[in-house]
Amino acid sequence: MKIAMTGASGNMGREALKQTLEIGDVEFVRVLLTDKKKNDKLSKSLKKIYGERIEIVRGTIANADNCNRLVSGVDYVVHMAAVIPPASDANPAASEECNYKGAIVLVDAIKRCSPQPKYIHVSTMALYGNRNEKHLWGRVGDPLLVSPFDHYAMHKLKGERYAIEAGLDCWVVLRQTAMVHPNMMQDNIKDGLMFHTALNAPLEWVTSRDSGYLIKRILERDSKGEVPQFWKNVYNIGAGKMGMDTGYDTFKDGFGIIGGSPEKFFKPHWFATRNFHGLWFADGHELNDLFEFQRDGVSEYWKEIGKNHKLYSLGKLVPAKLIYLFLFKKLLYHPNSPYKWLVSGDKARTMASFGRDVIVPTSWEDTKLIAKGDFGDYDELRDVTRLTKDDLLNHGYDEKPIDKWNIDDYRQAAAFRGGSLVSQNVGSPYDKAVWRCADGHQFEATPFSVLRGGHWCPECSQPTPWDFDRLAKSNPFFAQVWYDSHAKDEDVVYDFNEDGSSKMTKIEEKQR
């Protein structure tokens, strides 16, 4: 096997590269590394360890020559490169360059190959947007409602859509969930990003180790012809119940390794109450049934991080007040912190993160938490076997296997999205059809993109601007989850000013 990889310097990519090279019949893995100085050292290290089994292309992913060299003559392309938060928040242009434009250039390079390598596109669960106790569970096919001002998810949404619609011979999309990795602590105490995490956000964590192992298992099994049913589909990468918790649990486990807790270090009103992303996967078993990659539990992995980083144990000796003063206080007032937006009068960011009436308990005693049973028995809530139809979002058609879909399913799905199917005849689910949204925009998309992918109109449903308050009024597909955390009369549009700052306008003002 000859493999090409992007993102090999990232947390998932490092594991995927290492574990892929454990496969005996891998001739080489060719990786794309940017020209950043830190990758000089990585390049030398990889060549020293793997010799001729590693090939290195230096440069950016949005360069056609780089991508042509990367994918030439390989059997598989694994695309994991991404500019993620908080880097994507601080540098939206870099996010667009990698997460969107880079995906286009890479896919186009694959299309020029003959024969084409098989393409594994790693996307993100951030596309689903905000969830809370009203709809804890999700699955592929749910609406894609990227949270306002989330550059990363916005660009990944467009990149994923391009990959699905490109007409490649053999492709798959894997939506990565929240990922815990050995550098988790140090990567998340540099920015106000941690306070974006809603305490009641359902999160299904997977470790970087298991994510890398998944890539290895895909290559192993497919190279033997064992999983032909895997391709031309979208899956959620999860860890099952052993990875399911909430934002609150994440802070409890993470800061527990330095002797802390949410109650010890934080106040509940420091955290956004919405406009995050996360869900528990009702269909997370689909990938595991094929590849049996789920091995690590998130709580146990946090303990492993603490054991391997002895320095963290010193935190147990430092008074909590000092840790707050020297660590968390500066993060609380960081430009990317929701509390900073609130106290500084950033109306757009505050509205997005807290809602119109900012009423957040300042004490833990008054804070209702999923993790503490305030919305039902916690173990029962996380039990996928107890799910009923009412626990899941409606996809708007008579759900059945993809090869059983028909034109009536397409028409029903379009109507549930407030639109219509324009095409009178449609070929396979992977052939382009013409649709019309409630705004009258006519667009092309495959039935697969709409029904299985959850994508809709590329003109009005892909931010910017974030116009979901208005769209939800005519789109029941969106409304069923958008109104879980938004009032029906909020009626605002979120967008950016020319200088990159956030703005919010009333719907009627935008329409004038």
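Draft legend 1. Summary view of the packing of helix α5 (residues 92–111) against helix α6 (residues 151–165). Across the interface, α5 lies against α6 with an axial gap of 9 Å and an inter-helix angle of 10°. Accordingly, the angle class assigned to the pair α5 and α6 is roughly parallel. Along the contact surface, α5 presents Pro-92, Ser-95, Glu-96, Asn-99, Tyr-100, Ala-103, Ile-104, Val-107 and Asp-108, while α6 presents His-151, Tyr-152, His-155, Lys-156, Lys-158, Gly-159, Tyr-162 and Ala-163.

Draft legend 2. A look at the packing of aromatic side chains. One pass over the structure, following the stated rule, counts 36 aromatic pairs. Three or more aromatic residues link up through ring pairs in this structure, and these residues are Phe-195, Phe-251, Phe-255, Phe-265, Phe-266, Trp-270, Phe-271 and Phe-328. Taking the ring centre of Tyr-378 as reference, the NZ or CZ of Arg-382 above it sits at 3.7 Å.

Draft legend 3. Geometry of the pattern of salt bridges. All chains considered together, the criterion is met by 28 salt bridges. Ionic pairing is found between Arg-356 and Asp-489, a salt bridge with its closest N-O pair at 3.0 Å. Taken together, the positions of Arg-356 in the loop between α15 (347–354) and α16 (378–381) and Asp-489 in the loop between α20 (476–482) and β17 (492–496) put the pair 133 residues apart, joining distant regions of the chain. With a relative accessible area of 44%, Arg-356 lands in the partly exposed category. A salt bridge links Asp-439 to Arg-470, with the nearest nitrogen and oxygen atoms 2.8 Å apart. On the criterion of sequence distance, the pair formed by Asp-439 in the loop between β15 (433–436) and β16 (442–445) and Arg-470 in helix α19 (residues 468–471) is long-range, its members being 31 residues apart. Each of Asp-35, Asp-40 and Arg-58 takes part in one network of salt bridges that share partners.

Draft legend 4. Looking closely at the sheet that holds strand β14 (residues 420–421). Sheet architecture is open: three strands sit in the order β14-β15-β16, paired in antiparallel fashion. With one partner strand each, in any of the chains shown, β14 and β16 form the two edges of the open sheet. With four bridges joining them, β15 and β16 adopt antiparallel strand pairing. Within the sheet, the bridge partner assigned to Ala-433 lies in β16 and is Ala-445.

Draft legend 5. Region of interest: the state of the cysteines. Going through the model one piece at a time under the given rule, you end up with zero disulfides. Of the cysteine sulfurs around Cys-170, a residue in no disulfide, the closest is that of Cys-113, at 14 Å. On the accessibility criterion, Cys-170 (15% relative accessible area) is buried. Lacking any disulfide linkage, Cys-460 is separated from the closest cysteine sulfur, that of Cys-457, by 3.6 Å.

Draft legend 6. Spatial organisation of the sheet that holds strand β4 (residues 76–79). If you trace the seven strands from one edge of the open sheet to the other, you get β3-β2-β1-β4-β5-β7-β11, paired in parallel fashion. Sheet topology places β3 (54–58) and β11 (234–237) at the edges, where each strand pairs with a single neighbour. Across the sheet, the axes of successive neighbouring strands diverge by a mean angle of 20°, strand direction being ignored. Where β4 and strand β5 (residues 118–124) come together, four bridges link them in parallel fashion.

Draft legend 7. Local environment of empty space enclosed by the protein. Evaluation of the coordinates by the stated rule reveals three cavities of 30 Å³ or more. Considering only enclosed or pocket space, the largest cavity measures out at about 80 Å³ in volume. Forming the boundary of the largest cavity are Tyr-128, Gly-129, Asn-130, Leu-145, Val-146, Ser-147, Pro-148, Asn-275, Val-481, Trp-482, Ser-485 and His-486. Considering only residue class, the lining of the largest cavity consists of six nonpolar, six polar and no charged.

Conventions and cut-offs
- Residues numbered from 1 in each chain as written.
- Predicted model: local features only at pLDDT ≥ 70, side-chain atom pairs only at ≥ 80, totals over all residues.
- Heavy atoms only, no water.
- Axes fitted to C-alpha atoms, helices over the stretch in contact; angles between N-to-C directions.
- Helix = DSSP H or I, 4+ residues; strand = E, 2+ residues; numbered from the N terminus.
- Parallel < 35°, antiparallel > 145°, perpendicular 65-115°, else oblique.
- Contact = heavy atoms within 4.5 Å.
- Phe/Tyr/Trp six-rings, centres within 6.5 Å; stacked < 30°, edge-to-face > 60°.
- Lys NZ or Arg CZ within 6 Å of the ring centre and 35° of its normal.
- Salt bridge = Lys/Arg side-chain N within 4 Å of Asp/Glu carboxyl O.
- Buried < 20%, exposed > 50% of the residue type's maximum accessible area, 1.4 Å probe, protein only.
- Pairing = 2+ DSSP bridges.
- Disulfide = S-S within 2.5 Å.
- 1 Å grid on protein atoms, 1.4 Å probe; cavity = no way out; pocket = protein on both sides within 12 Å on 5 of 7 lines; lining within 4 Å.
- Points joined across faces, edges and corners; volume = space filled by probe spheres on them.
- Nonpolar A, V, L, I, M, F, W, Y, C, P; charged D, E, K, R; others polar.

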